[in-house]
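As a plain string of letters, each chain reads:
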Amino acid sequence: MEKINKIKNIIQALGEHEDSKAAIELLTEMGTNSPDDEIREYTAQTLIRKNTHEALRVVLISKGKGINDLSARVAMASINELLALKDKKEAVKILDDTIKMHSDEEVRNTARSVRALMTFS
């Protein structure tokens, strides 16, 4: 339990780090690729809270990450975090672009569903 709390603190610190590009790269490489659902969940939530184009792209358009994670727990936590955003403009823009242009039909369908949820929230 203590180990997970330390990892969560590191993820949170990276989410608040000044060098946003390096932090997002590290969170993407280490956090979203973790075999542990809880780490992937917390990483996705942290990236969504950053609410920047680069961070949101990772959890919205990448197969196997964020809203497209194979774990329902991770996907639902990501969706709930998106719905809780005060400023949804960037997320909606990325979802719209994903619906129109992504090559993977499953990713497009997930984006379409999440976009609909965000419209009604």
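An account of the accompanying structure is given in this report. Please read these numbers as outputs of a predicted model, since none were measured by experiment.

**Brief notes about helix H6 (residues 89–101)**
Consideration 1: For H6, which comprises 13 residues, the first-to-last C-alpha distance of 18 Å matches the rise-based estimate of 18 Å (1.5 Å per residue) to within 8%.
Consideration 2: Among the residues of H6, those classed as buried are Ala 91, Val 92, Ile 94, Leu 95 and Thr 98. Buried residues in H6, looked at end-on, bunch into an arc of 165°, giving them a common side. With respect to the buried face of H6, the exposed residues turned more than 90 degrees away are Lys 89, Lys 100 and Met 101.

**A short note on the side chain of Thr 28**
Consideration 1: Looking at the secondary structure, you find Thr 28 in helix H2 (residues 20–31).
Consideration 2: We classify Thr 28 as buried; its relative accessible area is 18%.
Consideration 3: Not counting residues up to four positions away in its chain, the partners in contact with Thr 28 are Asn 33, Val 58 and Lys 65.

**Side note on the packing of H6 against helix H7 (residues 105–120)**
To characterise two packed helices, one gives the angle between the axes of the helices and the distance between these axes.
Consideration 1: In the contact formed by H6 and H7, the axes pass within 8 Å of each other and the chain directions differ by 145°. In the packing of H6 onto H7, the handedness of the crossing is left-handed. Contact residues: H6 offers Ala 91, Val 92, Leu 95, Asp 96, Thr 98 and Ile 99, while H7 offers Val 107, Arg 108, Ala 111, Arg 112, Val 114, Arg 115 and Met 118.
Consideration 2: Residue composition of the contact of H6 with H7, by class: eight nonpolar, one polar and four charged.

**A short note on the environment of Thr 52**
Consideration 1: Secondary-structure assignment places Thr 52 in the loop between helix H3 (37–50) and helix H4 (53–61).
Consideration 2: Take Thr 52: its relative accessible area is 25%, and that puts it in the partly exposed class.
Consideration 3: Expressed as a C-alpha distance, the spacing of Thr 52 and Glu 90, which sit 38 residues apart in the sequence, is 7.3 Å.
Consideration 4: Beyond its immediate chain neighbours, meaning those up to four positions away, Thr 52 contacts Ile 24 and Glu 90.

**Considering the nonpolar core**
Consideration 1: Core analysis: the largest hydrophobic core is formed by 28 residues, its most contacted members being Leu 60 and Leu 82.
Consideration 2: Looking at this core, the elements that each hand over two or more residues are helix H1 (2–16), H2, H3, H4, helix H5 (72–84), H6 and H7.
Consideration 3: Among the elements that take part in this core, H4 stands out by supplying six residues, more than any other.
Consideration 4: Residues in contact with Leu 60, not counting those within four places in the same chain, are Ile 67, Asn 68, Leu 82, Ala 91, Ile 94, Leu 95 and Val 107.

**Some thoughts on H4**
Consideration 1: Residues of H4 that are buried include every one of Ala 55, Leu 56, Val 58, Val 59, Leu 60 and Ile 61, and no others.
Consideration 2: Among the structural elements, H2, H3, H5, H6 and H7 are those in contact with the buried residues of H4.

**Thoughts on the pattern of salt bridges**
Consideration 1: Under the criterion given, the structure shown has ten salt bridges.
Consideration 2: Salt-bridge contacts for Lys 8 lead to Glu 38; the nearest nitrogen and oxygen are separated by 3.1 Å. Remark: Glu 38 occurs in helix H3 and Lys 8 occurs in helix H1; sequence separation between them is 30 residues.
Consideration 3: What makes Lys 8 partly exposed here is its relative accessible area of 25%.

The rules behind the values
Residues numbered from 1 in each chain as written. Predicted model: local features only at pLDDT ≥ 70, side-chain atom pairs only at ≥ 80, totals over all residues. Heavy atoms only, no water. Helix = DSSP H or I, 4+ residues; strand = E, 2+ residues; numbered from the N terminus. Expected span 1.5 Å × (residues − 1). Buried < 20%, exposed > 50% of the residue type's maximum accessible area, 1.4 Å probe, protein only. Arc of directions from axis to C-beta. Contact = heavy atoms within 4.5 Å. Axes fitted to C-alpha atoms, helices over the stretch in contact; angles between N-to-C directions. Left-handed = near helix turned anticlockwise from the far one by under 90°. Nonpolar A, V, L, I, M, F, W, Y, C, P; charged D, E, K, R; others polar. Core = buried A, V, L, I, M, F, W, Y, C linked by side-chain atoms within 4.5 Å. Salt bridge = Lys/Arg side-chain N within 4 Å of Asp/Glu carboxyl O.

So, to be careful, I would describe these as geometric facts and stop short of saying anything about function.
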